[in-house]
Amino acid sequence: MTVPAILKNLRLPVIGSPLFIISGPELVIAQCKAGIVGSFPALNARPQAMLDEWLHRITEELSAHNRANPDRPAAPFAVNQIVHKSNDRLESDLETCAKWQVPIVITSLGAREDLNTAVHGWGGITLHDVIDDRFARKAIEKGADGLIAVAAGAGGHAGRLSPFAIIQEIRQWFDGPLALSGSIATGDAVLAAQAMGADFGYIGSPFIATTEANADQAYKDGIVAGKASDIVYSNLFTGVHGNYLRASIVAAGMDPDALPEGDLKTMDFGGGNGSKPKAWRDIWGSGQGIGAVTEVESVSARVDRLEREYRAARVRIGV
Ligand SMILES: Cc1cc2nc3c(=O)[nH]c(=O)nc-3n(C[C@H](O)[C@H](O)[C@H](O)COP(=O)(O)O)c2cc1C
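Per chain, residues are indexed from 1 in the order of the written sequence. Under the rules for a predicted model, residues below a pLDDT of 70 receive no local features and side-chain atom pairs below 80 are neither given nor counted, while totals for whole chains, interfaces and linings still include all residues. Side-chain metrics in this entry use all non-hydrogen atoms of the structure; hydrogen atoms and water are not considered.

Quick word on the side chain of Gln 81
The way it works is that DSSP assigns letters per residue, a run of H or I at least four long becomes a helix, a run of E at least two long becomes a strand, and they are numbered from the N terminus. One can find Gln 81 in strand E3 (residues 77–82). Residue contacts are defined here by distance: any two heavy atoms, one from each residue, within 4.5 Å place the two residues in contact. Among all residues touching Gln 81, those that are not within four sequence positions of it are Ala 42, Leu 90, Asp 93, Leu 94, Cys 97, Val 105, Ile 106, Thr 107 and Ser 108.

Next comes the structure, spelled out in C-alpha cells:
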C-alpha cells in the first residue's frame, strides 16, 4: 500500500479528525506536536478572515517546534473543507489555504476535481471522506489522493457499514492512503484498523475530552461518562444521519427514542451567523467508542496512552 511521503514517519498511524466547533489551533497544534496529524474544519474559523490568522499561528508554532526539536518534528496538519452547495465560503477558504500551502486538505460531502487540482497545484494532498465504495470510487475518479472510510459508529455524520465491509471493498481496487473512521478510541483499535487494511486510524470523539478541545466542560464530561449505548443515530439535526450523545438530546427537551425524521434540504453550511452551529453546540456529536475514554486529559497524555496501548497490542498478538 502506498502512502505519500508527508504521511510517513508519524509517531502513530493516527489522524485527529476535524470536529465542527471543537477543533481550533490549540487542539491542532497539540496533536501535531504529539506526533499525529491534527485537523480542523475551515468553517470553525469565523469570520472567514480568522482562517488566515489560524493558519499563520499553526504554521509558525509548528515551525518553531521543529526548530527546537529536530529529532521529533511535528506531524503535518490538515484543513477540512465541506464541499456542499450551502458552503458559501469554499472559494475564499481555498484561497487562504493556497496562501499557506496547507499540506493536507480533507474534503467532506462532495468530490470536486477542480479542488483536487488546486490543492495539488501548491503541493498538497487531498483525502476525501466516504461512507461506501460507490462514493470512494467517485472521489478517486475526481482526483482525490486518499480516502477516509467513515464506518458505522463514527461521531458526527456517520456511515452505516461495518468497518470490515467498507475497508475490504475499497482495498479490492485502491492501494493508496486509506484511513478508517468510527469508534477508534484505543491503540489496540488503531492496530486493528491496520490489520484490516487501513493505513491510519481516524479519531474524533476521544479528542473532545481533552483540555485543548473547544467544548463545554459538560460536553467533555458527557464523553467521559458515556458508553456506546448512550449514542443515538438520527438525521433530525442536520438532515444527514449522525451519532449524538443521548443526554444532550434529553437536555434539549426531546425524546431520543422517538425523534422525527430530519430533512436533507435543511442542511446548511453557510459561513454566516444563520448557519447550523446550534445543532452541534446544543446537540453533542459523539461516536460509539467513548466507553474507552475515562478522563479529560491533555492531548499529549491521550497520544501517549494511545501509543502505549498500540505497542502493547503489537506485543500481545506478536507483530
Ligand atoms: C462533534 C463532531 C463534529 C464533527 N465535525 C466534523 C466536520 O466538521 N467535518 C468532518 O469532516 N467531520 C466531522 N466529524 C466527523 C469526524 O471527522 C470523524 O469522522 C469522527 O469523529 C470519527 O469517529 P469517532 O468520533 O467515533 O472517532 C465530526 C464528529 C464529531 C463527533
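Some words on the nonpolar core
Put simply, a nonpolar core is a bunch of buried Ala, Val, Leu, Ile, Met, Phe, Trp, Tyr and Cys residues held in one set by side-chain atoms that sit within 4.5 Å of each other. Type-normalised accessible area, obtained with a 1.4 Å probe on protein chains alone, sets the label of each residue: buried when under 20%, exposed when over 50%, and partly exposed for intermediate values. One finds Leu 147, Ile 170 and Leu 180 to be the most contacted residues of the largest nonpolar core, which totals 31 residues. By residue number, the principal contributor to this core is helix H11 (residues 299–317), which donates 5 residues. Those residues in contact with Ile 170, other than ones at most four positions away along the chain, are Val 130, Asp 133, Ala 136, Leu 147, Ala 149 and Leu 178. Judged by nonpolar contacts, the second largest core, of 23 residues, contains Ala 42, Ala 45, Leu 51 and Ile 58.

Comments concerning unusual backbone geometry
The omega angle of the peptide bond from Arg 46 to Pro 47 is -5°, so this bond is cis rather than trans. Summarising the element assignment, Pro 47 is placed in the loop between strand E2 (38–41) and helix H2 (49–68). Notably, Ser 183 is not glycine yet its phi reads approximately 70°, a positive angle. The topology assignment puts Ser 183 in the loop between strand E8 (178–181) and helix H7 (187–196). When its relative accessible area of 31% is taken as the criterion, Ser 183 is described as partly exposed.

Points about the sheet that holds strand E11 (residues 242–245)
The 3 strands are arranged E7-E11-E10 in an open sheet whose pairing can be described as antiparallel. Of all the strands in the sheet, just strand E7 (156–157) and strand E10 (231–234) have a single pairing partner and so form its edges. At least two bridges found by DSSP between two strands is the condition for calling them paired.

Some details on the packing of aromatic side chains
What counts as a ring pair is set by centres within 6.5 Å for rings of Phe, Tyr and Trp (its six-membered ring), and what kind of pair is set by the plane angle: stacked under 30 degrees, edge-to-face over 60, tilted for all other angles. Summed over all chains, the structure comprises 6 aromatic pairs. Judged by centre distance (6.2 Å) and plane angle (80°), the rings of Phe 20 and Trp 280 are edge-to-face. With Phe 20 in the loop between strand E1 (14–16) and helix H1 (25–34) and Trp 280 in helix H10 (residues 277–282), this residue pair connects regions lying 260 residues apart in the sequence. For the pair Phe 20 and Trp 280, a shared accessibility class is recorded, and that class is buried. With centroids separated by 5.7 Å and ring planes inclined at 45°, the aromatic side chains of Tyr 244 and Trp 280 adopt a geometry described as tilted. Remark: Trp 280 occurs in helix H10 and Tyr 244 occurs in strand E11; sequence separation between them is 36 residues. Of the aromatic side chains, those joined through ring pairs into one cluster are Phe 20, Phe 237, Tyr 244 and Trp 280. Two conditions define a charge located above a ring, namely a distance within 6 Å from the ring centre to NZ of Lys or CZ of Arg, and an angle within 35 degrees of the ring normal. Its end group placed over the ring of Phe 135, Arg 134 keeps NZ or CZ at 4.8 Å from the ring centre.

A look at the confidence of the model for the protein
Each residue carries a pLDDT value, the predictor's own confidence for that position, ranging from 0 to 100. Mean pLDDT over the protein stands at 94; residues scoring 70 or higher make up 96%. Predicted confidence for residues 271–277 stays below pLDDT 50, and this span has 13 contacts to residues more than four positions away or in other chains.

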